[in-house]
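# Notes for the structure review
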Amino acid sequence: MAMSAMSAMSHGIRHRTRDDFLEAIVAQICQQMFSKKDRVSDLLLIEIPDHSFVHGSWLVGGRMGSLIYFKDAQIGIIAVPNKLSEKAEVNYARFKKTMKGKAPANISLT
């Protein structure tokens, strides 16, 4: 018998989460991609604990960003459209958590 999405969420398969590192890295990468005046808002992180996986979305300067992060490998990728149009290019940034605590001061966008 298949579980509905709401039932799956109530059984702990996935849940909304907070993560200081991911919150800091999203803000820092978006500032490097765009302008420091473009602030990240409406950040939503969903964790699937059984797979050590986090998916996130947010708004920055009217654009919707997205991330995937693998907690066990401590690597992730962020994608944010460059412009607000149908034919927008997408900016990508890979990141790796290489230290405990908050995001590093300088992030290399690749």
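Just above sits the structure.
Bear in mind that the values here come from a model prediction, so they are computed numbers and not experimental data.

## Here's the deal with the side chain of aspartate 19
If you trace the backbone, aspartate 19 turns up in the loop between strand 1 (15-17) and helix 2 (20-33). Salt bridges are absent for the buried aspartate 19, whose nearest opposite-charge side chain, lysine 71, sits at 4.7 Å. A polar contact of 3.0 Å, which involves the side chain of aspartate 19, links it to the backbone nitrogen of phenylalanine 21.

## With respect to the pattern of salt bridges
Inspection of the entire model under this criterion finds 3 salt bridges. For glutamate 23, the salt bridge is made with arginine 18, and the minimal N-O distance between the two is 2.7 Å. Given a relative accessible area of 21%, glutamate 23 falls into the partly exposed group. For arginine 63, the salt bridge identified is with aspartate 38, shortest N-O distance 3.9 Å. With arginine 63 in strand 4 (residues 63-70) and aspartate 38 in the loop between helix 2 and strand 2 (40-48), the pair connects residues that are 25 residues apart, well separated along the chain. By relative accessible area, which is 13% here, arginine 63 ends up buried.

## Side note on the sheet that holds strand 6 (residues 90-96)
Strand order in this open sheet of 6 strands is 1-2-3-4-5-6, and the pairing throughout is antiparallel. Across the chains shown, the open sheet's two edge strands, defined by having one partner strand only, are strand 1 and strand 6. Neighbouring strand axes in the sheet, compared pairwise and without regard to direction, differ in orientation by 20 degrees on average. As paired elements, strand 4 and strand 5 (residues 75-81) share 5 bridges and run antiparallel to each other. Its bridge partner lying in strand 5, serine 66 is registered against alanine 79. Contacting strand 2, strand 3 (53-60), strand 4, strand 5 and strand 6, helix 2 runs over the sheet at an angle of about 140 degrees to strand 6.

Parameters and conventions
- Residues numbered from 1 in each chain as written.
- Predicted model: local features only at pLDDT ≥ 70, side-chain atom pairs only at ≥ 80, totals over all residues.
- Heavy atoms only, no water.
- Helix = DSSP H or I, 4+ residues; strand = E, 2+ residues; numbered from the N terminus.
- Buried < 20%, exposed > 50% of the residue type's maximum accessible area, 1.4 Å probe, protein only.
- Lys, Arg positive; Asp, Glu negative; His and termini not counted.
- Salt bridge = Lys/Arg side-chain N within 4 Å of Asp/Glu carboxyl O.
- Polar contact = N/O pair within 3.5 Å; in protein donor to acceptor, adjacent residues only side chain to side chain.
- Pairing = 2+ DSSP bridges.
- Axes fitted to C-alpha atoms, helices over the stretch in contact; angles between N-to-C directions.
- Contact = heavy atoms within 4.5 Å.

Geometric values such as these leave the question of function open.
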